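# Descriptive structure summary
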Amino acid sequence: MSKYAAVRRFLPTSPFKARTEEPRKHFAVGDRVTHDTYGLGRAIGVEDDSDIAVLVDFGSRCERITQPYATMFKL
């Protein structure tokens, strides 16, 4: 989202639910993780300070997992 973009406000009379942003997931090198597709693994690298992607060793393979990390969870 651009810093100049207008933020839409929620109208209390709207029939739609207000959008709620989930907190962003942050991973550090050495974190144990689980992934819905690849299983258990350990974070071996984090790209950039903004957590663009995490390199994870799943034992049999290493994968680069990008945001929003929907299927990866910290243990």
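Here goes a summary of the coordinates provided. (Residues numbered from 1 in each chain as written. Predicted model: local features only at pLDDT ≥ 70, side-chain atom pairs only at ≥ 80, totals over all residues. Heavy atoms only, no water.)

### What to know about the nonpolar core
Definition in use: Joining through side-chain atoms within 4.5 Å is the link that ties buried Ala, Val, Leu, Ile, Met, Phe, Trp, Tyr and Cys residues into a set, and such a set is a nonpolar core. Burial classes follow relative accessibility: with a 1.4 Å probe on protein chains only, a residue under 20% of its type's maximum area counts as buried, one over 50% as exposed, and anything between as partly exposed. Note on definitions: a residue-residue contact is assigned when non-hydrogen atoms from the two residues lie within 4.5 Å.
In terms of nonpolar packing, the biggest core is built from nine residues, these being Phe27, Val33, Ala43, Val54, Val56, Phe58, Ile65, Tyr69 and Met72. Once residues lying within four places of it in the same chain are set aside, the contact partners of Phe58 are His35, Tyr38, Gly39, Leu40, Gly41 and Glu63.

### Quick look at the packing of aromatic side chains
The description of two aromatic rings rests on the distance between their centres and on the angle between their planes. For clarity, the threshold we go by: Pairs were defined over the aromatic rings of Phe, Tyr and Trp, the Trp ring being its six-membered one, requiring ring centres within 6.5 Å. Orientation was assigned from the angle between planes: stacked under 30 degrees, edge-to-face over 60, tilted for the rest. What counts as a helix is a DSSP run of H or I of at least four residues, what counts as a strand is a run of E of at least two, and both are numbered from the N terminus.
What the rule picks out here adds up to two aromatic pairs. Plain terms: the ring middles of Tyr38 and Phe58 are 5.2 Å apart, the flat faces sit at 35° to each other, and that makes the pair tilted. One end of the pair, Tyr38, is in the loop between β1 (32-35) and β2 (39-47); the other, Phe58, is in the loop between β3 (53-57) and β4 (62-66), with 20 residues separating them in the sequence.

### Details of the pattern of salt bridges
Keep this limit in mind: Any Lys or Arg side-chain nitrogen located within 4 Å of an Asp or Glu carboxyl oxygen qualifies as a salt bridge.
Throughout the structure, instances matching the rule amount to three salt bridges. A salt bridge links Arg64 to Glu47; the nearest nitrogen and oxygen atoms lie 2.7 Å apart. With Arg64 in strand β4 and Glu47 in strand β2, the pair connects residues that are 17 residues apart, well separated along the chain.

### Some points on the sheet that holds strand β5 (residues 72-74)
Let me state the cut-off plainly: When DSSP finds two or more bridges between two strands, those strands count as paired. Axis lines are fitted through C-alpha atoms, for helices just across the contact stretch, and the angle between N-to-C directions can take any value from 0 to 180 degrees.
Strand order in this open sheet of five strands is β4-β3-β2-β1-β5, and the pairing throughout is antiparallel. Each end of this open sheet is capped by a strand with a single partner; those strands are β4 and β5. Geometrically, the sheet is characterised by an average inter-axis angle of 40° between neighbouring strands, direction not taken into account. In terms of strand pairing, β2 meets β3 through five bridges, oriented antiparallel.

### Here we look at the pairing of β1
Here β1 shows one buried face, formed by Val33 and His35, and one open face, formed by Arg32 and Thr34. The pairing of β1 with β2 spans four bridges and is antiparallel. By the bridge assignment, Thr34 is partnered in β2 with Leu40.

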